[in-house]
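What the coordinates show
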Amino acid sequence: MREGARPNARFACVFAALIAALGAITVLNINIGSVPIPVGEIARILFARGGDPTQANIIWQIRMPRMAMGAVLGGALSLSGFLLQTFFANPIAGPFELGISSGAKMVVALTMICALERFRTVSSWTMVAAAFLGSLIAVGFILALARKIRHMAVLLVAGIMIGYICSAITDFLVTFAEDSDIVNLHGWSMGSFSGASWDGVAVAAAIVLAASVAVFLMSKPISAYQLGESYARSLGVNIRAFRVALIVLSSVLSACVTAFAGPISFVGIAVPHLVRRGLNTSKPVVVIPAAFLGGAVFCMGCDLIARTAFAPTELSISTVTSVFGAPVVIGMMLRRRREM
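First things first, this report covers the structure right here in the doc. The structure presented is a predicted model; accordingly, all values stated were derived computationally and were not measured.

Quick word on the overall build of the protein
The secondary structure content of the protein amounts to 14 helices and 0 strands. Going from N to C terminus, the protein has its helices and strands arranged as α-α-α-α-α-α-α-α-α-α-α-α-α-α. The globule rule puts the C-alpha radius of gyration for 340 residues at 20 Å, and the 20 Å found for the protein is close to it. Each of the three principal axes of the protein carries a C-alpha extent, and together these read 60 × 60 × 35 Å. With 340 residues in all, the protein has 50% of them scored as buried. Residue pairs in contact within the protein that sit at least 24 positions apart in sequence constitute 76% of those at least 6 positions apart.

Considerations on the pattern of salt bridges
Evaluated as defined, the whole model comprises 5 salt bridges. Among the salt bridges present, the one from Arg-233 reaches Glu-229, with a minimum N-O distance of 3.8 Å. Here Arg-233 and its partner Glu-229 are both found in helix α10 (residues 229-234), 4 residues apart, which amounts to about one turn of the helix. One salt-bridge network, in which partners are shared between bridges, spans Arg-66, Asp-303 and Glu-314.

Brief notes about the side chain of Arg-66
Relative to the assigned elements, Arg-66 resides in helix α3 (residues 53-88). A distance of 2.8 Å separates the side chain of Arg-66 from the side chain of Asp-303, its partner in a polar contact. Residues contacting Arg-66, with those up to four places away along its chain left out, are Ser-192, Phe-193, Ser-194, Ala-196, Asp-303, Arg-307 and Glu-314.

Describing helix α2 (residues 39-47)
Within α2 the residues assigned to the buried category are Glu-41, Ile-42, Ile-45 and Leu-46. Projected onto a plane normal to the axis of α2, the buried residues spread over an arc of 125° and lie on a single side.

Examining the packing of α3 against helix α8 (residues 198-217)
The contact between α3 and α8 brings their axes to 10 Å, and the two run at 25°. The pairing of α3 with α8 is recorded here as roughly parallel in orientation. Two packed elements cross with a definite hand, and for α3 against α8 that hand is left-handed. Along its contact with α3, which presents Trp-60, Gln-61, Met-64, Pro-65, Ala-68, Met-69, Val-72, Leu-73, Ala-76, Leu-79 and Leu-83, the element α8 presents Trp-198, Gly-200, Val-201, Ala-204, Ala-205, Val-208, Ser-212 and Val-215. Broken down by class, the residue content of the contact of α3 with α8 amounts to 16 nonpolar, 3 polar and no charged.

Let's talk about the environment of Thr-281
Among the structural elements, Thr-281 can be located in the loop between α12 (267-279) and α13 (284-308). Leaving out residues up to four positions away in the same chain, Thr-281 has contacts with Phe-11, Arg-276 and Val-287.

Some remarks on a nonpolar patch on the surface
A cluster of nonpolar side chains, namely Leu-209, Val-213, Phe-216, Leu-217 and Val-285, defines an oily patch on the protein surface of about 480 Å² accessible area. Sort the elements by how many residues they give to the nonpolar patch and α8 lands first, with 4 residues. Among the secondary structure elements, Leu-209 is positioned in helix α8. Leu-209 sits in the exposed class, given a relative accessible area of 55%.

Rules used throughout
- Residues numbered from 1 in each chain as written.
- Predicted model: local features only at pLDDT ≥ 70, side-chain atom pairs only at ≥ 80, totals over all residues.
- Heavy atoms only, no water.
- Helix = DSSP H or I, 4+ residues; strand = E, 2+ residues; numbered from the N terminus.
- Rg over C-alpha atoms; globule rule 2.2 N^0.38 Å.
- Buried < 20%, exposed > 50% of the residue type's maximum accessible area, 1.4 Å probe, protein only.
- Contact = heavy atoms within 4.5 Å.
- Salt bridge = Lys/Arg side-chain N within 4 Å of Asp/Glu carboxyl O.
- Polar contact = N/O pair within 3.5 Å; in protein donor to acceptor, adjacent residues only side chain to side chain.
- Arc of directions from axis to C-beta.
- Axes fitted to C-alpha atoms, helices over the stretch in contact; angles between N-to-C directions.
- Parallel < 35°, antiparallel > 145°, perpendicular 65-115°, else oblique.
- Left-handed = near helix turned anticlockwise from the far one by under 90°.
- Nonpolar A, V, L, I, M, F, W, Y, C, P; charged D, E, K, R; others polar.
- Patch = residues over 30% accessible without salt bridge, like charges linked within 9 Å, V, L, I, M, F, W, Y side chains within 5 Å.
- Areas by Shrake-Rupley, 256 points an atom, 1.4 Å probe, with all protein chains shown as cover.

Everything listed is a geometric property; what it means functionally is a separate question.
Have a look at this one:
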């Protein structure tokens with residue numbers, strides 16, 4: 001076998017497995033629910049535009065938008081984690097763990113409370129802009145601390161503390177909000193893809209697609225940066241502009257997730273790690289699309305469990321991602337300690 005053929009075969013197998021898993025979880029998400037819909041009926045509704053009108057409405061207006069939102073935001077969260085891990089050169093850096101999602105949550109909550117006092121609704125673009133501002137505020141604090149704290153473990157703890165502070169401010173805001181606003185805030189702040197609409201999916205997909213394409217186009221400088229700043233600089237990479245781009249793109253992706261689904265934990269750490277282990281490489285040109293697919297599959301699967309495990313009671317998506325993501329992070333930390 002030619003040199004290089006074996007890694008390419010491994011890449012093909014991983015991508016084939018991810019695509020197969022995406023297809024299977026898509027069918028399960030449409031099939032399973034309070035109203036089970038047979039696979040044959042699903043095919044008729046999706047491809048022949050026939051079938052029972054009630055079931056067609058459930059598929060097109062409830063399950064499909066929710067599933068699409070989970071796929072788009074799951075991929076975005078995974079890519080955001082990958083960019084932060086590249087920026088901090090640490091595999092346990094993620095938007096939730098560094099307090100970035102909590103910063104976005106704080107500003108979105110403030111925006112929702114202020115806007116809902118004057119208007120009946122808040123636009124998707126307003127939510128994303130508020131979340132992006134909150135993400136940048138949290139990132140700004142983290143970068144300021146990074147200048148004084150060189151030890152990554154201490155910096156991560158500082159990020160967690162920033163997250164707690166932002167969450168405390170959010171809780172304070174909710175305490176003095178109107179009762180009708182609290183209902184909206186409570187469901188959103190727990191993390192959920194429920195209530196997704198095609199309009200929301202369109203906005204999220206436009207933002208995430210643009211950011212994801214930009215991330216993929218940065219594959220070459222990211223690959224050089226992974227080998228060290230000096231090496232990247234020798235290849236002509238503008239380190240200052242590159243680091244700004246990493247932070248902005250990561251903030252946009254995590255802000256989009258927080259705006260539409262609330263804070264979701266561990267996806268940004270666990271999925272990129274699992275993808276790198278599966279591919280057995282850190283090449284960004286391969287890892288970036290695989291991480292997006294992996295994040296989509298992971299969040300769609302967790303959302304299926306969240307809405308069906310204890311039906312009719314629905315769990316928050318963050319509860320399920322924590323159950324599956326936290327052991328991955330613990331295992332990763334133990335493995336790193338053994339290798340030290």
